[in-house]
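Commentary on secondary and tertiary structure
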Amino acid sequence: MSDFTLRALDGDEVRDAARLFLAGLHLGAPKDEEWDRTGARAYQPGRTLGVFGAGDDRLIGTARSMDAELTVPGGRRLPFASVTGVAVRQDRTRRGVLTELMRAQFEDFAARQVPVAGLYVTEGSIYGRFGYGVSTLGHQYKVDTRRARLRPDVPRGGEIELLDLEEAVERLPGLYASLPAHGPGHLTRSPWWWAGLEGMFRRSDKPFVTLVHHGATGPDGFACYYADRIFDADSVLHLEALHAADSTALAGLWRHLLGVDLIDGISTSYRPADEAVPLMFEDPRTAKATGSADELWLRLVDVPAALAARAYGRGSLVLEVSDVVLPANSGRYLIDDGEVTRTERPAQLRLGVSELAMLYLGTWTARALAAAGRVEAVDAAAPALADDLFGTRTAPWCGTFF
Ligand SMILES: CC(C)(COP(=O)(O)OP(=O)(O)OC[C@H]1O[C@@H](n2cnc3c(N)ncnc32)[C@H](O)[C@@H]1OP(=O)(O)O)[C@@H](O)C(=O)NCCC(=O)NCCS
């Protein structure tokens, strides 16, 4: 990349990176007060990269990352890099700046022994070439609160406490950290992540409301929403987040939401595919599916380490992985009785590293990937064998947008 220089940014340069990123999304620059209060705190020190053009001291590209931990099938948590803040100045696109930023990030993650990275994408056609693949899905639904009747066997739930903004900022990080992971795809949330959310809360013109559920042993769930109250039309409660330790907390939060006054419907953000909510209503059509979408795109930066970290179902299979961006990952891997080793045995299933990321948390089946021509079954039985190994009981879900 002789026409550019790339380096880590610090001080005021990080704010330039924020400006460039927001401009890339067609948004305005952060105001002074906003930047001083939360903006700067959302950037993990040393983790914002910048690209400068030759003979030009202006920033033309940026990407950043922050630390987290990803829950993988079997329950282990792996060091994870949350990639975000990616943008290239619009008069310098399509000349390899993003490619260089991606390369530098992978080098950085490998040096810090971070085996997995992930991002949420603006467009689905950008990141597959760098080895990222869709690895969790979310499902949205809309509940007509006027028709909603909970079944009599749905748990009653505990007390609900309303938090103001300052209390929410103070208490949600600890509460989220105390809740069990839904399953594969769950991410821990760093102070940088929470600073980003706080900034969003503070600058939003929406009246955000935070509810905490108190169960038998204390706080065990929370929900955040805002309502659009429209005179003479349906008023909708937008459920932006809900995390619950168990089915009682889930039901308690929903029971409360369904009873909020002056609301005709609840529209959810992307929820786990196996969440019980639609089953709680007397009429199962009360919760109407309105959409589903990719959430987390995963990149296995260190394939041997990532494969070794998760649990598997029964069986044995030889995978041949190809990774043109990080060729050290390429090769054959034997998964046998839960153990993963490099092998010289003949391949049964050939796949790219993005497709491996799509299988890794259990969201997609190898049979579906084979049907789409995205994996090559050298042995006709291999997709079914892979599904026995990689399938998970809990639907992978992330629920932490960054
Ligand atoms: C998306 C973006 C970062 C790409 O940066 P860039 O420097 O132009 O990317 P590169 O030149 O390194 O392109 C690498 C490859 O990706 C392709 N590509 C880049 N952006 C693409 C897009 N939006 N859609 C489809 N392909 C894209 C390029 O054509 C190129 O393909 P090739 O290797 O076959 O030639 C830049 O266009 C941008 O800032 N967009 C607005 C903000 C944004 O969407 N950020 C992403 C947040 S997740």
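Below or above, wherever it landed, is the structure these notes cover. Predicted, not measured: the structure shown is a model, and the values here were computed from it.

How each quantity is defined
- Residues numbered from 1 in each chain as written.
- Predicted model: local features only at pLDDT ≥ 70, side-chain atom pairs only at ≥ 80, totals over all residues.
- Heavy atoms only, no water.
- Salt bridge = Lys/Arg side-chain N within 4 Å of Asp/Glu carboxyl O.
- Helix = DSSP H or I, 4+ residues; strand = E, 2+ residues; numbered from the N terminus.
- Buried < 20%, exposed > 50% of the residue type's maximum accessible area, 1.4 Å probe, protein only.
- Core = buried A, V, L, I, M, F, W, Y, C linked by side-chain atoms within 4.5 Å.
- Contact = heavy atoms within 4.5 Å.
- Pairing = 2+ DSSP bridges.
- Axes fitted to C-alpha atoms, helices over the stretch in contact; angles between N-to-C directions.

The next thing to look at is the pattern of salt bridges. It is possible for side chains bearing opposite charge to pair when their charged atoms get close. The final tally for this structure, using the stated rule, is 28 salt bridges. A salt bridge links R47 to D67, with the nearest nitrogen and oxygen atoms 2.9 Å apart. Note that R47 is positioned in the loop between α2 (32–39) and β2 (48–53) and D67 in strand β3 (residues 59–71), a separation of 20 residues in sequence. With a relative accessible area of 7%, R47 lands in the buried category. Classification of D67 by relative accessible area gives partly exposed; the value is 30%.

Before going further, it helps to examine helix α8 (residues 353–360). Summarising burial for α8: eight of the eight residues are buried, a large majority. Along α8, the residues that are buried comprise V353, S354, E355, L356, A357, M358, L359 and Y360. Residue G362 follows α8 closely and has a positive phi angle near 105 degrees.

Grouped together as the largest cluster of nonpolar side chains are 82 residues, with contacts concentrated most on Y132 and F390. In this structure, F390 is in contact with L307, R310, Y312, L319, I335, L356, L359, Y360 and G362, ignoring residues within four places of it in sequence. In this structure, L242, I263, V277 and M280 belong to the second largest nonpolar core, which totals 25 residues.

Read across the sheet, five strands follow the order β17-β16-β15-β18-β19 without closing on themselves; strand pairing throughout is mixed. The open sheet has two free edges, formed respectively by β17 (339–342) and β19 (375–377), since each of these has just one partner strand. Within this sheet the neighbouring strands show an average axis-to-axis angle of 25 degrees, counted without direction. In terms of strand pairing, strand β16 (residues 331–336) meets β17 through four bridges, oriented antiparallel. Paired with I335 across the strands is V340, a residue of β17. Where α8 meets the sheet, it contacts β15 (316–322), β18 (349–352) and β19, and its direction lies at approximately 105 degrees from that of β18. Where helix α10 (residues 382–390) meets the sheet, it contacts β15, β16, β18 and β19, and its direction lies at approximately 100 degrees from that of β15.

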